[in-house]
Amino acid sequence: MGKGGEQGGESGEPEAQLRFYTWEEIQKHTLRTDKWLVIERKVYNVTNWANRHPGGYRVISHCAGEDATDAFQAFHINPTLVRKFLKPLLIGELAPGEPSEDRDKNSQLVEDFRTLRKTAEDMNLFRASPLFFSLYLGHIIVMEVLAWLMVLYFGTGWITTLILACILTTSQAQAGWLQHDFGHLSVFKKSSWNHIVHKFVIGHLKGASANWWNHRHFQHHAKPNIFKKDPDVNMLHIFVLGDTQPVEYGKKKLKYLPYNHQHEYFFLTSSPACIFPCPRDGPTDFLLPFLIPCSHTLPNPNIFMHFFPLWSRLDPSRVPQATLFPAYWEETRTRMLLDNYLVNRHLSLSMEIIFIYQKAEVAFLESHWFVWVTQMNHIPMEIDSEKHRDWLSSQMAATCNIEQSFFNDWFTGHLNFQIEHHLFPTMPRHNFWKVKPLVKSLCAKYGVQYEEKPLGKAFIDIVGSLKKSGDLWLDAYLHK
């Protein structure tokens, strides 16, 4: 026992020749050039398939050597169809004496969670409401059209500009939450329709790459708040997070920035300097080295992305994202050309300049909206290295909820139900409140913390968590 599967899982073996494997053997295959994983006690060699995985090779690689059953069910809206692609990769099964879960995970908790998921399916909680999402998209389009009409009919006075900034900030923020729904395949029954609309919303309403978002965001969901696996906690030395990373930096005497003040410069991660356009060979070249890492301090660099289209108004040929972000450039080129046509067709030069700075103002406001909402559920929670927990425990350790209200639901795009969203990524957001009591009951049964707090406290906890981590760094830097 322990050999076999060398053929790479591409052609597979006849059912009669399947081998039995122990967890000890499976956990040896976690390298980039040699990856096995387990789904429903069946062992698959995904080494060569990983690079063709629609969700990206990293997210499937993060599950190597583990029981990936819950992750597999969480990310696929049609597991039966996907299993057809798994058949050629099948190399064996867990040995009869092996537990279904790796690393001594609580088998009863895992089983109860899967029963909960089945209950949610029976309650049709994974079925989306067409009316909800149609109205949601409609209210975004209405705000976008209203903004253009205001420019055409009322000009670009200061009062109009301020009103426009509020309208466009709101529409862009809400478009961000909507693309999140389609990206998670939680609207349509067919994945292809979700992908098509996702590309439209994120590419044309937001100006970002759908593939880039998928590959990064799915990693975050598979391994939330886990260093080296969750890209959202890769801060590129701008911040130190959690309790262990600050101490490690301090002991190594790493001081890329004064981390004991990170709770103060966190407010500058979306500063006006990061979004106002500047001529080429001017202040922009000085800011660029700061802007690139600054963008990665956020769970998704959309704030940074908004910066580039502003330059296109001055000289589209000089926009640098063609080399820095090719996927982003391809998906937004059409939108940039259309924007330039509309501006040049309907506005005078002075109005065009005001339009540019107005968009910068929108990006500034939206960036703060985006950052505070997306960080309130994760930064104050546990951030550490891989601990190989079961699906429920790993998601609960990294997420928390915000109290429900009509405003909180709308303002956060239902990310105030972050726990339910992480446990069931493909569940339509309007059903989170229905599954919430079931999740709380299961957590209470096994003593798993279910954290929920007011919106204001969640914002305060971001700053408090950053200050705590900064103090840990300073203490280790000075005394250890």
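Predicted, not measured: the structure shown is a model, and the values here were computed from it. (Residues numbered from 1 in each chain as written. Predicted model: local features only at pLDDT ≥ 70, side-chain atom pairs only at ≥ 80, totals over all residues. Heavy atoms only, no water.)

Peer 1: Can you help me understand the overall build of the protein in this one?
Peer 2: Helix and strand content of the protein: 22 helices and seven strands. By residue count, 57% of the 480 residues in the protein fall in the buried class. Long-range pairs, those at least 24 residues apart, make up 71% of the contacts in the protein between residues at least 6 apart in sequence. Accessible area of the protein: about 21800 Å², with a carbon and sulfur share of 62%. (Helix = DSSP H or I, 4+ residues; strand = E, 2+ residues; numbered from the N terminus. Buried < 20%, exposed > 50% of the residue type's maximum accessible area, 1.4 Å probe, protein only. Contact = heavy atoms within 4.5 Å. Areas by Shrake-Rupley, 256 points an atom, 1.4 Å probe, with all protein chains shown as cover.)

Peer 1: So what exactly am I meant to see when it comes to the UniProt feature "transmembrane region" (unreviewed entry) in the protein here?
Peer 2: Taken from the UniProt record, the annotation "transmembrane region" (unreviewed entry) applies to residues 124–142 and 148–168. Segment residues 124–142 splits into 68% helix and 0% strand. End C-alpha atoms: 31 Å apart. Note that residues 148–168 is 86% helix and 0% strand, and that its end C-alpha atoms are spaced 10 Å apart. (UniProt positions renumbered as here; feature names shortened; annotations may be inferred.)

Peer 1: I'm lost on a nonpolar patch on the surface in this one. Help?
Peer 2: Residues Ile141, Val145, Leu149, Leu152, Tyr153 and Phe154 make up a contiguous nonpolar surface patch of about 630 Å² in total accessible area. Structurally, valine 145 is set in helix H6 (residues 130–154). (Patch = residues over 30% accessible without salt bridge, like charges linked within 9 Å, V, L, I, M, F, W, Y side chains within 5 Å. Salt bridge = Lys/Arg side-chain N within 4 Å of Asp/Glu carboxyl O.)

Peer 1: Help me understand the packing of aromatic side chains, please; the structure alone is not making it clear to me.
Peer 2: For any two aromatic rings, the description comes down to two numbers: the centre-to-centre distance and the angle of the planes. Taken as a whole and judged by the stated rule, the model has 27 aromatic pairs. Pairing phenylalanine 407 with phenylalanine 411 gives two aromatic rings, centres 5.2 Å apart and planes at 20°, and the pair type is stacked. Of the two residues, phenylalanine 407 and phenylalanine 411 are both situated in helix H19 (residues 406–412); the distance of four residues between them amounts to about one turn of the helix. Given the relative accessible area of 45%, phenylalanine 407 is considered partly exposed. Three or more aromatic residues joined by ring pairs make a cluster, and in this case those are Phe132, Phe133, Tyr136, Phe182, Phe188 and Trp193. Taking the ring centre of tyrosine 477 as reference, the NZ or CZ of lysine 253 above it sits at 5.6 Å. (Phe/Tyr/Trp six-rings, centres within 6.5 Å; stacked < 30°, edge-to-face > 60°. Lys NZ or Arg CZ within 6 Å of the ring centre and 35° of its normal.)

Peer 1: Sorry if this is basic, but what is going on with the sheet that holds strand E5 (residues 90–94) here?
Peer 2: Strands in a sheet are paired, the pairing made by backbone hydrogen bonds, and the direction either parallel or antiparallel. Strand order in the open sheet formed by five strands is E1-E5-E4-E3-E2, with mixed pairing between adjacent strands. Every interior strand has two partners, whereas the edge strands, strand E1 (19–21) and strand E2 (30–31), have only one. By the bridge criterion, three bridges tie strand E4 (residues 42–45) to E5 in an arrangement that is antiparallel. Residue pairing across strands places lysine 42 opposite glutamate 93, the latter belonging to E5. (Pairing = 2+ DSSP bridges.)

Peer 1: Looking at this structure, how should I read the environment of arginine 83?
Peer 2: On the secondary structure map, arginine 83 appears in helix H4 (residues 79–86). Through-space distance from the C-alpha of arginine 83 to that of phenylalanine 72 is 9.9 Å; in sequence the pair is eleven residues apart.

Peer 1: What am I meant to see in the pattern of salt bridges here?
Peer 2: Pairing between side chains becomes possible if they bear opposite charge and their charged atoms approach one another. As enumerated under the stated definition, the model contains 24 salt bridges in all. Here the salt bridges share partners, and the residues they tie into one network are Glu66, Lys223, Lys229 and Glu386.

Peer 1: It is not clear to me how the packing of helix H8 (residues 191–206) against helix H9 (residues 210–222) should be interpreted in this structure. Could you clarify?
Peer 2: For any two helices packed against each other, one specifies the inter-axial angle together with the distance between the axes. Between H8 and H9, the least distance of the axes is 9 Å, while the angle of their chain directions is 105°. Viewed along their axes, H8 and H9 adopt a mutual orientation that is roughly perpendicular. Together, His198, Lys199 and Ile202 of H8 and Ala210, Asn211, Trp213 and Asn214 of H9 make up the contact between the two elements. Considering only residue class, the contact of H8 with H9 consists of three nonpolar, three polar and one charged. (Axes fitted to C-alpha atoms, helices over the stretch in contact; angles between N-to-C directions. Parallel < 35°, antiparallel > 145°, perpendicular 65-115°, else oblique. Nonpolar A, V, L, I, M, F, W, Y, C, P; charged D, E, K, R; others polar.)

Peer 1: Sorry, what's going on with the packing of helix H7 (residues 158–183) against H9 here?
Peer 2: H9 packs onto H7 with a crossing angle of 80° between their chain directions and a minimal axis gap of 11 Å. Taken together, the axes of H7 and H9 are roughly perpendicular relative to one another. Facing Gln179, His180 and Gly183 of H7, the residues of H9 in contact are Trp213, Asn214, His217, Phe218 and His221. Here the contact of H7 with H9 is composed, by residue class, of two nonpolar, six polar and no charged.

Peer 1: Even after reading the chapter, I still don't get unusual backbone geometry, so can you show me in this structure?
Peer 2: As a rule of thumb, non-glycine residues mostly have phi less than zero, and peptide bonds are mostly trans rather than cis. Here arginine 103, not a glycine, exhibits a phi torsion of approximately 55°, which is positive. Tracing the backbone shows arginine 103 in the loop between E5 and helix H5 (107–122). The class for arginine 103 is partly exposed, based on a relative accessible area of 32%.

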